[in-house]
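This is what each chain is made of:
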Amino acid sequence: MQDSPVAAMPEETTLLQRAAQIAGISDFGAEEEYLPGMRQMLDSIGRDMHPNAIGVEVLTGQITQLLVNRAWSIETLRRHPEISDIPITRPIIITGFQRSGTTLLHRMLGAAPQNRGLALWELMAPVDPPGSDTEQVRARMVAPAERFLQRLTKMVPDFGSLIHPVGTHLLEEEEWLMRSTFKTPTLAAFNYLPGYLAWLEQQDMMPSYRHLRSQFQLLLWRIPGNHLILKAPMHLFALNALAAVFPDALVVHLFRDMREMVASSCSIMQALHSVTCRQPDHLAGEYAIHWMQTLTNRALDFHQKPHQMDLMEIQYIDLVRDPLAMARKIYERAGRTLDQASEDAMRGWLTANPSHKKHRYTLEQYNLDPQTVDRAFQRYTEKFGGARSER
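Attention here is on the structure that accompanies the text.

Rules of the game
Residues numbered from 1 in each chain as written. Predicted model: local features only at pLDDT ≥ 70, side-chain atom pairs only at ≥ 80, totals over all residues. Heavy atoms only, no water. Salt bridge = Lys/Arg side-chain N within 4 Å of Asp/Glu carboxyl O. Helix = DSSP H or I, 4+ residues; strand = E, 2+ residues; numbered from the N terminus. Buried < 20%, exposed > 50% of the residue type's maximum accessible area, 1.4 Å probe, protein only. Pairing = 2+ DSSP bridges. Expected span 1.5 Å × (residues − 1). Polar contact = N/O pair within 3.5 Å; in protein donor to acceptor, adjacent residues only side chain to side chain.

## Let's talk about the pattern of salt bridges
Across all of its chains, the model carries 19 salt bridges by this definition. Taking the shortest distance from any N to any O, the salt bridge between E75 and R79 comes out at 2.9 Å. Of this pair, E75 and R79 both sit in helix α3 (residues 53–79), separated by four residues, roughly a single helical turn. Judged by relative accessible area, which is 13%, E75 ranks as buried. A residue is classified by how much of its surface remains accessible, and R79, at 42% relative accessible area, is partly exposed. Measuring nitrogen to oxygen at the nearest pair gives 3.0 Å for the salt bridge that ties R347 to E343. Here the residue R347 and the residue E343 both occupy positions in helix α18 (residues 340–352), the gap between them amounting to four residues, near one helical turn.

Here it is, written out as structure tokens:
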């Protein structure tokens, strides 16, 4: 835990003015589409997170950039209404918690030339400044991702090498795009925001997913592609909205022994929270379980009701035993044929990306034990069963 004193976030009006100055535009869209979440986030930062100076600097920069992205997106869509007609056809959307194999599957499928994954740089800067479309301007759009990675490496030196491989041009989670609605559970994962998460549970997520769809259209307008390959744990929080906005999506849910996934989430949250706020380290376990329970219970509630989602459930152990065989099954389920060029590209990615260095963590580090995890996720275990050959 950091011992630096608590620092204060800028006021809402200051953040809005700063973003408008940078964007050159003061229209952030309908207030009900972003201000309630932003206000709840700011309130929870002050009440729950108690950020230090680093935390205030990081959060101020992130919120400002999200507002800039909103303004530029709205103006670009106004100038080019045809963007809203770009189809999002049969995307493959991967979901599941950390250490369930989502990154492996996402980046392996994304290696195929016919698939369109989303790189970190474009997720952090999904639209060019309105009126600019030159390669010189576009090259500058990589800067936010580069700054983010530099700061992340400085804050958590082992993050990219041990916790999660990151890079400006590596495929990442589309949750970055939903952050500018200020209504996504990811904001409550990367930051200690229990009050914000409680508020979010009461919100309609449909507007956030409609916003996400428009962001995909903006990205495909800028760099066209055929088949979107997406991935984010946050979808477990709102499978109903995901199904409504992307009705023809193939959703691939990866699952694994919760003991493994909880310990990993604890490690990630502790690594990030300890740098930016005064949250005691021992709360990482308690908060990780609460966050994961929230997403898990909402996903299980969705499973228990009739739905039309094309949902494919895959156990981690089956994926890692033969990733290419699993890719063939996913393609078949999606109504596609895995051609030789795509299979070779995936095999090449697997060869170039063997298992990463072992990230070591235990439940005991976070005042947890296997029995506590089993009790907390009993519904999950009853639905998906235990993880084969992992205990």
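What follows picks up the thread again.
## A word on the pairing of strand β3 (residues 227–231)
In terms of burial, β3 is largely enclosed, as four of its five residues are buried. Two elements, strand β1 (residues 92–95) and β3, share three bridges in a ladder whose sense is parallel. Counterpart to I93 in the pairing with β3 is L230. Relative to β3, strand β2 (residues 115–116) runs parallel, the two sharing two bridges. Across the sheet, the residue bridging to N115 is H227, located in β3.

## Some remarks on helix α14 (residues 258–276)
With 19 residues, α14 extends 27 Å from end C-alpha to end C-alpha; this agrees with the ideal 27 Å at 1.5 Å per step. In terms of burial, α14 is a largely internal element, 16 of the 19 residues being buried. Its side-chain oxygen placed 3.0 Å from the backbone nitrogen of R259, D257 serves as the N-cap of α14.

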